[in-house]
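# Per-entry structural report
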Amino acid sequence: MSRVLVLGAGGFIGSHLVKRLKSEGHWVRGVDLKNPRYAASPADEFLIADLRIYDNVVKALEGGFDEVYQLAADMGGAGFVFTGEHDADIMHNSAQINIHVLDVARKNTIGRIFYSSSACMYPEHNQLDPDNPKCNEASAYPAAPDSEYGWEKLFSERLYFAYARNYGMTVRVARYHNIFGPEGSWHDGREKAPAALCRKVAMTSETGVIEMWGDGKQTRSFLYVDECVEATLRLMRSDFAGPVNIGSEEMVSINQFAEMIMAIAGKKLGVKHIPGPTGVRGRNSDNHLIREKLGWAPSLPLDLGLRKTYAWIAEQVAKGAQDSE
Ligand code: NAD
């Protein structure tokens, strides 16, 4: 049994990670500004703490850990990170968390530390063609992310590797590509495209119309959260430090993606394209490196992950409708 710390344990991926770690029998401390919203955390200890405050990070890391997973970030979907309205907070809050965590970690007994970077750090100029986006790990430089969120991720992943070089820390860095699944944000302004589209389809009656930001020709791939957790654990426990993509290579346009959700829901809805923040024109994970280094590839087709996610969001929508009756 290892002692494991999950920072950001109240969030979407963090809460799924804690469940998985507990199922493996580890002792787990979770830390977040908030408890998970949809299910009680099975963590052995859960600290509600703001990790921008240095003393809270000291408390969070107290006792030493075999594994630390750092997922806490000020983050959200396109409606949160691509409007420009939250840029200063996103950069300041997330950078401050990472700066504190690394400084405290190097003074403590920490086996390994994992950091969740993002595909948003890849240069925009390689993601202009929706049919041929380029997101292999080596394409990161010269850097030109299209959001401040991406710039902070790039800074922080470099910070983790600098601590590894200068202080001998054992660091692992993954670049997550769009992760989706149940028990994540779906209607609080931080939801990402899969949850937002599932919600719109679930809330619209059989003959209705849903709104979609942009022309829907932009492409993305989506990885189911359990697969993300599996790949994260494999990376953490391997000899490979990264940075490495953790994502799916099953690329679809957002129009196709909406069609898949409608087929699952058994609804044939109209789509009204409206202006909105959409991010890069094309993005897909490139999994050559992770296949080579960890022998990992996603095993769940997008359609199956989407069925689980849609079922959960439709249930939330139905509950919400009942509560407001
Ligand atoms: P999330 O927003 O659900 O989880 C992040 C958690 O961090 C939240 O629960 C939040 O309360 C917590 N947090 C924020 N500021 C904090 C603070 N000052 N102190 C303590 N806790 C704080 O997001 P997620 O989807 O679970 O993402 C987890 C990590 O993975 C993040 O670093 C994110 O940037 C990265 N990532 C996620 C995706 C994705 O598709 N979900 C893609 C790329 C990268």
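If you're wondering where the values come from, they're calculated on a predicted model, not measured in any experiment.

Within helix H2 (residues 54-61), the full set of buried residues consists of Asn 56, Val 57, Ala 60 and Leu 61. The buried side chains of H2 occupy one side of the element, clustering within an arc of 130° when seen end-on. In the core, the buried residues of H2 are packed alongside strand S1 (3-7), strand S2 (27-32), strand S3 (45-48), strand S4 (65-70), helix H4 (87-106) and strand S5 (110-118). Remark: Gly 63 follows H2 within two positions and exhibits a positive phi of approximately 100°.

Moving on: the site of the ligand. The environment of the ligand is made up of 26 residues, and the closest members are Ile 13, Asp 32, Tyr 149, Ile 179 and Lys 192. The separation between an oxygen atom of the ligand and a polar main-chain atom of Ile 13 is 2.8 Å. Residue Leu 51 places a main-chain N or O atom 2.9 Å away from a nitrogen atom belonging to the ligand. For the ligand, the accessible surface in isolation is 820 Å², of which the surrounding protein chains cover 93%. Contributions of two or more residues to the shell around the ligand are made by helix H1 (12-23), S5 and helix H5 (148-167). In terms of residue count, the dominant contributor to the shell around the ligand is S5 (three residues).

The omega torsion across Tyr 141 and Pro 142 is 0°, close enough to zero to call that bond cis. Tracing the sequence through the fold places Pro 142 in the loop between S5 and H5. Omega for the bond connecting Gly 242 with Pro 243 falls within 30 degrees of zero, at 5°, which places this linkage in the cis form. At Glu 183, a position not held by glycine, the phi torsion is positive, near 65°. Relative to the assigned elements, Glu 183 resides in the loop between strand S7 (179-180) and helix H6 (193-203). Taking the relative accessible area as the measure of exposure, Glu 183 reaches 21% and is therefore partly exposed.

This part covers the nonpolar core. In this structure, Val 6, Tyr 69 and Tyr 176 are the most contacted members of the largest nonpolar core, which totals 30 residues. When contributions to this core are tallied by element, the ones reaching two or more residues are S1, H1, strand S6 (171-176), helix H7 (225-236), strand S11 (244-246) and helix H9 (288-294). If one sorts the elements of this core by residue count, H7 sits on top with seven residues. If near-sequence neighbours (up to four positions away) are discounted, Tyr 69 is found in contact with Val 4, Leu 5, Val 6, Leu 7, Leu 17, Leu 21, Phe 114, Thr 232, Leu 233, Met 236 and Arg 237. One finds Val 57, Leu 159, Phe 161 and Tyr 163 within the second-largest nonpolar core, a separate group that totals 27 residues.

Here the structure, examined in full by the defined rule, presents 20 salt bridges. Of the charged contacts in the structure, one is a salt bridge between Arg 190 and Asp 74, with a shortest N-O distance of 2.9 Å. Pair noted here: Arg 190 is in the loop between S7 and H6 and Asp 74 is in the loop between S4 and helix H3 (78-81), with a separation of 116 residues, a long-range link. Taking the shortest distance from any N to any O, the salt bridge between Arg 307 and Asp 303 comes out at 3.0 Å. Here the residue Arg 307 and the residue Asp 303 both occupy positions in helix H10 (residues 302-323), the gap between them amounting to four residues, near one helical turn. Note on Arg 307: relative accessible area 42%, which makes it partly exposed.

Criteria and cut-off values
- Residues numbered from 1 in each chain as written.
- Predicted model: local features only at pLDDT ≥ 70, side-chain atom pairs only at ≥ 80, totals over all residues.
- Heavy atoms only, no water.
- Buried < 20%, exposed > 50% of the residue type's maximum accessible area, 1.4 Å probe, protein only.
- Helix = DSSP H or I, 4+ residues; strand = E, 2+ residues; numbered from the N terminus.
- Arc of directions from axis to C-beta.
- Contact = heavy atoms within 4.5 Å.
- Near = heavy atom within 4 Å.
- Polar contact = N/O pair within 3.5 Å; in protein donor to acceptor, adjacent residues only side chain to side chain.
- Areas by Shrake-Rupley, 256 points an atom, 1.4 Å probe, with all protein chains shown as cover.
- Core = buried A, V, L, I, M, F, W, Y, C linked by side-chain atoms within 4.5 Å.
- Salt bridge = Lys/Arg side-chain N within 4 Å of Asp/Glu carboxyl O.

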